[in-house]
Amino acid sequence: MQKLLLKNIKTLVQVREDSPLKISGKDMKILPCIDNAWLACENGLIADFGSMDDFPGITDWKDLEVIDCSNKLVLPCYADSHTHIVYAGNRVGEFVDRINGLSYEEIANRGGGILNSAELLNKTSEDELYEQALVRFKEVIHLGTGAIEIKSGYGLSVDSELKMLRVIKRLKDLNWIPVKATFLGAHAIPKAFKENKQGYINLIINEMLPLILKEGLADYIDVFCEEGYFSAEETKIILQAGVKHGLIPKIHAEQLSHSNGIKTGVECKAISVDHLEFCSDADIELLKNSNTMPTILPGAVFFLNLLFPPVRKMIDSGLPVALASDYNPGSSPSGNMSFLLSMACVQHKLTPEEAINAATINSAYAMHLSDQVGSITIGKRANFFITKEINNYAFIPYSFVNNVIEEVYINGNRFNG
Ligand code: NIG
Ligand code: FE
C-alpha cells in the first residue's frame, strides 16, 4: 500500500502521543502542536510524526508519496457525533415561514417540521434517498469530517425507519470514514398515532427494535426528549428497551425547554446528551458524576435563534464538551464543522483550542471512536486535512465560512469521492 509523507508542515495540530479518550475542564484549553513538522502514514494509519529538526533519513523511497506542506497546517479530521444527513428534499419553505413570524413549535404543531420531512421520506425510494444522502456525505468529508454519526428518525413507521437505517448502512459499507448509526424512531409522534402516543411507543419497542437488532442496523438509540414529543419517563422506557436490544443511549435533551433529558441520559448511562440550551446547574452536577458527553450543536442554536447553552459554565466546572453539526433539514441545514468552530468561539466563548478539542477528540468520544480518530496519534486512522496557507489554527474559526481546507485525506488517501 501507498506510503505517505507530509513534510515542512507549518504546524501539526492536536498531536497526542498517548491520546486520552476525552478532554475535560481546564485541559480543553491545551492543544498540543508541533511547528515545522513531518507526518508519515502507512496502511491507512498514522505511522509516525515529529519535528523537521529531527527528520529521520529516508532509506526506502519505493511507493512513497511526498507532500510539501510549507505554510500549511495539518489537523486531524473533525468527528461529527450528531447528524441527520439521511433525509428527503428540504424544508426551505418553513425557513421562510419562520422569517415571517412562525416559530419552530408553531410549524410543528400544524403538522410541519419533522412530520413534513417524514411525509417526504415515505414517498422517496431507498435508492433515491441514498443518492440524496450520498451528496451530503461527500460534501461533509470534503469539509473535513473524518468520522460521523447518522440518525434515523424521519421514517416514523417500521418500513421507513428501516429504509433510513439501510441507507446509513450503505454509507457505512463504502468504508470511507467510520459511520455510527443511531435509531431515532422516537423523534416525533407520527400523524397516524396522533391520539395514541403509547401505541407508537409500543411499535418502536415491539416491532422496530427487534427488526433493527436482527439486521444489525444500529449502534445507538436516541429520543427527542421534549415537551410535545417524548417525556423523560417515556424516554427512559424507550432507551431501556434499546439497551435490551444491544443499543447504547444518546438523547436530544433540554433543547426547547427543561425536559429532564440530561437526568434521564445520565441515569441511562447515555454516551452523550445533545443540545443543552436549558441545562441547569443541577444538570451540570449530574454530568460531573457521569461518563456522558455534553454535546453542543451551535448550528441549531444559530438557525433557530435559540438560547445559548451554558457552555462556559460547563467547561469551567470541569466538564468535557463536544461539538457537532446536527446537520438536518429543519434546524441546522449545514454540516460545515469549521463554521461550527466559529460559532463555538464567537457565540459560546470557547477558545479555539477548546473548540478544536470539542470537535475532534470529544466528539469522537461521543461515538466511541476516540481510540481511532480525533488526534494525530500513532496507530490512529490517517484521517486528516491540510489547510490552505494560513497563519495558525485560530485562523479557521476566525475566517468564518471561508473554506480554509485544501485537501482531505481519509485512510491515508486524498479524498476525491
Ligand atoms: O436535533 N430536535 C430535534 N431534532 C432535530 C431537528 C429535526 C428537524 O427539525 O427536522 C434537531 O434539532
Ligand atoms: Fe438532532
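Residues numbered from 1 in each chain as written. Chains lettered and ligands numbered in written order. Predicted model: local features only at pLDDT ≥ 70, side-chain atom pairs only at ≥ 80, totals over all residues. Heavy atoms only, no water.

As for the overall build of the protein
The helix and strand inventory of the protein stands at 14 helices and 16 strands. For 417 residues, the compact-globule formula gives about 22 Å, and the C-alpha radius of gyration of the protein, at 21 Å, lands near that figure. Dimensions of the protein, computed from C-alpha atoms along their principal axes, come out at roughly 70 × 45 × 45 Å. The burial tally for the protein puts 60% of its 417 residues in the buried class. (Helix = DSSP H or I, 4+ residues; strand = E, 2+ residues; numbered from the N terminus. Rg over C-alpha atoms; globule rule 2.2 N^0.38 Å. Buried < 20%, exposed > 50% of the residue type's maximum accessible area, 1.4 Å probe, protein only.)

Description of the sheet that holds strand β13 (residues 322-323)
Strand order in the open sheet formed by eight strands is β6-β7-β8-β9-β10-β11-β12-β13, with parallel pairing between adjacent strands. The sheet is open, and its two borders are formed by β6 (78-80) and β13, each paired with just one other strand. Note: strand β10 (residues 248-253) against strand β11 (residues 272-275), four bridges, orientation parallel. Bridge pairing in β11 places H252 opposite D274. Where helix α5 (residues 158-172) meets the sheet, its contacts fall on β7 (145-151) and β8 (179-186), and the angle it forms with β8 comes to roughly 170°. (Pairing = 2+ DSSP bridges. Contact = heavy atoms within 4.5 Å. Axes fitted to C-alpha atoms, helices over the stretch in contact; angles between N-to-C directions.)

Side note on the packing of aromatic side chains
Counting across every chain of the model gives 11 aromatic pairs. With 6.4 Å between their ring centres and 65° between their planes, Y87 and Y327 make a pair best called edge-to-face. In this pair, Y87 is assigned in the loop between β6 and α1 (92-99) and Y327 in the loop between β13 and α12 (337-346), connecting sequence segments 240 residues apart. With respect to burial, Y87 and Y327 carry one shared label: buried. Plain terms: the ring middles of F302 and F339 are 5.9 Å apart, the flat faces sit at 90° to each other, and that makes the pair edge-to-face. (Phe/Tyr/Trp six-rings, centres within 6.5 Å; stacked < 30°, edge-to-face > 60°.)

Remarks on the site of ligand 1
Around ligand 1, 15 residues are found, and the nearest of them are R91, Y104, Y154, Q255 and S331. Side-chain polar atom of H252 to an oxygen atom of ligand 1: 3.0 Å apart, as the coordinates give it. Protein contacts shield 100% of the accessible area of ligand 1, which totals 320 Å² for the unbound molecule. By residue class, the composition of the shell around ligand 1 is four nonpolar, nine polar and two charged. (Near = heavy atom within 4 Å. Polar contact = N/O pair within 3.5 Å; in protein donor to acceptor, adjacent residues only side chain to side chain. Areas by Shrake-Rupley, 256 points an atom, 1.4 Å probe, with all protein chains shown as cover. Nonpolar A, V, L, I, M, F, W, Y, C, P; charged D, E, K, R; others polar.)

Quick look at the coordination of the iron ion (ligand 2)
The protein atoms that coordinate the iron ion (ligand 2) are H82 (NE2), H84 (NE2), H252 (NE2) and D326 (OD), at distances of 2.1 to 2.3 Å. Written as a sequence motif, the donor residues of the iron ion (ligand 2) are H-x1-H-x167-H-x73-D. Taken as a pair, H82 and H84 share a single burial class, namely buried. (Donors = N, O, S within 2.8 Å, 3.2 Å for Na, K, Ca; no water.)

Examining the nonpolar core
Formed by 109 residues in total, the largest nonpolar core has its most connected members in V86, F137, L171, F183 and F230. Looking at which element gives the most residues to this core, the answer is helix α6 (residues 197-215), with eight residues. Among the domains, domain 1 (3-76 + 375-414) and domain 2 (79-365) are the pair contributing at least three residues each to this core. Counting 19 residues, the second-largest nonpolar core is a separate cluster that includes L4, I9, L12 and I386. (Core = buried A, V, L, I, M, F, W, Y, C linked by side-chain atoms within 4.5 Å. Domains from an automatic or database assignment.)

Considerations on the pattern of salt bridges
The tally for this structure, following the rule as stated, stands at 20 salt bridges. Close ionic contact of R91 with E94 constitutes a salt bridge, the shortest N to O distance being 2.7 Å. By the burial criterion, R91 is buried, and E94 matches it. With a closest N to O distance of 3.0 Å, K288 and E285 form a salt bridge. Of this pair, K288 and E285 are both found in helix α9 (residues 281-288), three residues apart, which corresponds to roughly one turn of the helix. You can call E285 partly exposed: its relative accessible area is 42%. Linked through salt bridges whose partners overlap, the residues forming this network are K29, R312, D316 and E354. (Salt bridge = Lys/Arg side-chain N within 4 Å of Asp/Glu carboxyl O.)

Topic: the packing of α12 against helix α13 (residues 352-365)
At a minimum axis distance of 9 Å, the contact between α12 and α13 shows a crossing angle of 135°. Between α12 and α13, the angle is such that the two are oblique. Where α12 crosses over α13, the two elements pack in a sense that is right-handed. Of α13, the residues touching α12 (which contributes M337, L341, A344 and C345) are P352, A355, I356 and A359. (Parallel < 35°, antiparallel > 145°, perpendicular 65-115°, else oblique. Left-handed = near helix turned anticlockwise from the far one by under 90°.)

Some remarks on the environment of S51
Looking at the element boundaries, S51 is found in strand β3 (residues 45-51). In this structure S51 comes out as buried when scored by relative accessible area, which is 17%. Each C-alpha atom, one on S51 and one on I34, is 6.5 Å from the other, the two residues being 17 residues apart in sequence. Those residues within four positions of S51 in sequence are excluded, and the remaining contacts are I34, N36, A37 and W38. Reaching out from S51, the side chain makes a polar contact with the backbone nitrogen of D53 at a distance of 3.0 Å.

What to know about α13
Over its 14 residues, α13 extends 19 Å from the first C-alpha to the last, a length consistent with the 20 Å expected when each residue adds 1.5 Å. Considering bend angle alone, the principal kink of α13 is centred on A358 and spans about 35°. Burial runs high along α13: 13 of the 14 residues are buried. (Expected span 1.5 Å × (residues − 1). Bend = angle between axes of the 7 residues up to and from the residue.)

Describing the domain arrangement of the protein
For the protein, the domain assignment lists domain 1 (3-76 + 375-414) and domain 2 (79-365). Computed from C-alpha coordinates alone, the two centres of domain 1 and domain 2 are separated by 30 Å. Opposite the 31 residues of domain 1 that make contact, domain 2 presents 35 residues. Interface area for domain 1 against domain 2, summed over the two sides, is near 2,500 Å², with a carbon-plus-sulfur share of 64%. Taken together, domain 1 and domain 2 are joined by one salt bridge. Note that E354 is salt-bridged to K29, the shortest N-O span being 3.4 Å. Joining domain 1 to domain 2, the criterion identifies 14 residue pairs in polar contact (both at pLDDT 80 or more). Within the residue set of the side of domain 1 that touches domain 2, elements represented by two or more residues are β5 (72-76), α14 (395-398) and β15 (405-410). The element best represented in the side of domain 1 that touches domain 2 is β15, accounting for three residues. Taken together, the residues that form the side of domain 1 that touches domain 2 break down as 18 nonpolar, eight polar and five charged. (Buried area = accessible area lost by both parts, 1.4 Å probe.)

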